[in-house]
Amino acid sequence: MRDVTPVLERLPAQRWPAPMGDALIAHLPGLRPWIEAASVAAPAIDLGRVSLRSPVANPGKVVAVRGNYRGTGVDDANSPPPGPAFFLKAASSVAGPGDGLELRLPGRRVDHEVEMVAIVGRPVAGAADAARPDVVAGYCIGIDVTMRGPEDRGLRKSLDGFTVLGPWLTTADEIADPDRLDVELSVNGEPRQRGSTSRLLHGVPRLLAAAASYFTLQPGDILMTGTPSGVGPLGRGDVVHCCIDRLGTLRVEVR
């Protein structure tokens, strides 16, 4: 890892009320040449010496979708899929792998759901905006953590730390085809979930366009794309490993 924090001094000064969206993500295209130049001289730091936080510090919203993988029991191969079944999670649920996962309510079952995540890079106010090539800033791995129970879905998934993102943001130019990435999750070395984004009912462009028909997406907004089969429970002391092609490996300790 190379520390290029001084580049943040090049972000435009902001006064209240600040514009919507994450400032770093919104200005990432203009900052990239400075980041790349700074990385040449920045000292290398062993990854094991740092604690990785969320690659997006200030997301405005977390947009998630249920039942978006073929073979999860919700799709019908003989009919076209309906529109995406969106729900929202609290932005305060976002955390990084270094934060770990806290089981806050004793006695409640909590499950893991590994997902590919797209990070919105610019304002998206409709389907036309969603078709622009620069609409996605990058991708990362996500764990959509779910507490089972009678409460509203968005509430049960919005506890602090229940949207784990990482290990870093991989810029969109590094991912030639986000619809052909293998997805895996294991708990304590036991394989639990395995799939491929080629099995998504709705790919990233369609999800973006559909979401933007309801609300404007802002830079730094989180789009979770759904989880393959194999969802299972988590317990105190578990260690979760997630891997997605070209996006890295995410390690999270449960406490």
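Refer to the preceding data block for the structure.
Keep in mind that this is a model prediction, so the values were computed, not measured. (Residues numbered from 1 in each chain as written. Predicted model: local features only at pLDDT ≥ 70, side-chain atom pairs only at ≥ 80, totals over all residues. Heavy atoms only, no water.)

S.K.: Explain the layout of surface pockets here, please?
M.R.: Once rolled over the atoms, a probe with the size of a water molecule shows which space is left empty. Taken as a whole, the largest pocket holds about 1300 Å³ of empty space. If you go around the largest pocket, you meet 31 residues; those closest to its centre are Arg2, Val4, Leu24, Trp168 and Leu169. Taken together, the elements giving at least two residues each to the lining of the largest pocket come down to helix H1 (23-26), helix H2 (28-41) and strand E8 (163-171). When residues in the lining of the largest pocket are grouped by element, the largest group, six residues, is from H2. Its residues assigned to classes, the lining of the largest pocket comprises 19 nonpolar, six polar and six charged. (1 Å grid on protein atoms, 1.4 Å probe; cavity = no way out; pocket = protein on both sides within 12 Å on 5 of 7 lines; lining within 4 Å. Points joined across faces, edges and corners; volume = space filled by probe spheres on them. Helix = DSSP H or I, 4+ residues; strand = E, 2+ residues; numbered from the N terminus. Nonpolar A, V, L, I, M, F, W, Y, C, P; charged D, E, K, R; others polar.)

S.K.: Even after reading the chapter, I still don't get the sheet that holds strand E11 (residues 222-224), so can you show me in this structure?
M.R.: Paired through backbone hydrogen bonds, the strands of a sheet run either parallel or antiparallel to each other. If you walk across this open sheet you meet the seven strands as E2-E1-E11-E5-E6-E8-E3, and the pairing is mixed. At either end of the open sheet lies a strand with only one pairing partner, and these are strand E2 (85-89) and strand E3 (94-95). Note: strand E1 (residues 62-66) against E11, two bridges, orientation parallel. Residue pairing across strands places valine 62 opposite isoleucine 222, the latter belonging to E11. (Pairing = 2+ DSSP bridges.)

S.K.: I would appreciate a short explanation of a nonpolar patch on the surface in the present structure.
M.R.: Together, Met1, Leu47 and Trp168 line one region of the surface with nonpolar side chains, adding up to about 280 Å² of accessible area. Structurally, tryptophan 168 can be placed in strand E8. Classification of tryptophan 168 as partly exposed rests on a relative accessible area of 37%. (Patch = residues over 30% accessible without salt bridge, like charges linked within 9 Å, V, L, I, M, F, W, Y side chains within 5 Å. Areas by Shrake-Rupley, 256 points an atom, 1.4 Å probe, with all protein chains shown as cover. Salt bridge = Lys/Arg side-chain N within 4 Å of Asp/Glu carboxyl O. Buried < 20%, exposed > 50% of the residue type's maximum accessible area, 1.4 Å probe, protein only.)

S.K.: I would appreciate a short explanation of the environment of glutamate 113 in the present structure.
M.R.: Considering the arrangement of structural elements, one finds glutamate 113 in the loop between strand E4 (110-112) and strand E5 (114-120). Residues in contact with glutamate 113, not counting those within four places in the same chain, are Gly142, Ile143, Asp144, Thr146, Arg148, Lys157, Gln193, Thr227 and Val231. Of the polar contacts made by the side chain of glutamate 113, one reaches the side chain of lysine 157; its length is 3.4 Å. (Contact = heavy atoms within 4.5 Å. Polar contact = N/O pair within 3.5 Å; in protein donor to acceptor, adjacent residues only side chain to side chain.)

S.K.: Would you mind going over the sheet that holds strand E13 (residues 239-244) with me for this structure?
M.R.: What the four strands build is an open sheet, ordered E10-E9-E13-E14; its pairing is antiparallel. Edge positions in the sheet fall to strand E10 (190-196) and strand E14 (248-253), since each of these pairs with one other strand and no more. When strand polarity is set aside, the average angle formed by the axes of neighbouring strands in this sheet is 15 degrees. When E13 meets E14, the two strands line up antiparallel, connected through six bridges. Along E14, the bridge assignment pairs cysteine 242 with leucine 250. (Axes fitted to C-alpha atoms, helices over the stretch in contact; angles between N-to-C directions.)

S.K.: What should I look at first to understand the pattern of salt bridges in this one?
M.R.: Enumeration over the complete set of coordinates arrives at 19 salt bridges. Of the charged contacts in the structure, one is a salt bridge between lysine 157 and glutamate 113, with a shortest N-O distance of 3.4 Å. With lysine 157 in the loop between helix H4 (153-156) and E8 and glutamate 113 in the loop between E4 and E5, the pair connects residues that are 44 residues apart, well separated along the chain. Judged by relative accessible area, which is 1%, lysine 157 ranks as buried. Accessibility expressed as a relative area gives 10% for glutamate 113, which makes it buried. The closest approach of N and O atoms between arginine 251 and glutamate 253, which form a salt bridge, is 2.8 Å. Exposure remark for arginine 251: the relative accessible area of 41% places this residue in the partly exposed category. Taken together, the salt bridges that share partners define one network made up of Lys89, Glu113, Asp144 and Lys157.

S.K.: Help me understand helix H5 (residues 204-212), please; the structure alone is not making it clear to me.
M.R.: In an α-helix there are 3.6 residues to a turn, and that puts residues three or four apart on one side. Listing the buried residues of H5 in full gives Val204, Leu207, Leu208, Ala210, Ala211 and Ala212. On the buried face of H5, the contacting elements are E1, E2, E5, helix H3 (127-130), strand E6 (136-144) and E11.

S.K.: Any chance you could explain the nonpolar core here in plain terms?
M.R.: Note that soluble globular proteins tend to have their nonpolar side chains buried in a common cluster. Tyr139, Ile143, Val204, Leu208, Val240, Cys242 and Leu247 are the most contacted members of the largest nonpolar core, which has 42 residues in total. Listed by contribution, the elements that provide at least two residues to this core are E1, E5, E6, strand E9 (182-187), H5, E13 and E14. It is H5 that provides the largest number of residues to this core, a total of five residues. Sequence-distant contacts of isoleucine 143, that is, excluding residues within four places in its chain, are made with His112, Glu113, Phe162, Thr163, Val164, Met224, Val240, Cys242, Leu250 and Val252. Counting 13 residues, the second-largest nonpolar core is a separate cluster that includes Val62, Val94, Ile119 and Ala137. (Core = buried A, V, L, I, M, F, W, Y, C linked by side-chain atoms within 4.5 Å.)

S.K.: Looking at this model, I keep getting lost on the packing of aromatic side chains. Mind explaining?
M.R.: What describes a pair of aromatic rings is the distance from one ring centre to the other and the angle between the planes of the rings. By the definition in use, this model includes one aromatic pair. Where phenylalanine 86 meets tyrosine 214, the ring centres are 6.5 Å apart and the plane angle is 85 degrees; that geometry is what we call edge-to-face. Here tyrosine 214 lies in the loop between H5 and E11 and phenylalanine 86 lies in strand E2, a separation of 128 residues in the sequence. Looking at phenylalanine 86, the relative accessible area reads 21%, which means it is partly exposed. The exposed category is assigned to tyrosine 214, whose relative accessible area is 63%. Sitting above the plane of the tryptophan 34 ring, arginine 10 keeps its charged end 3.3 Å from the centroid. (Phe/Tyr/Trp six-rings, centres within 6.5 Å; stacked < 30°, edge-to-face > 60°. Lys NZ or Arg CZ within 6 Å of the ring centre and 35° of its normal.)

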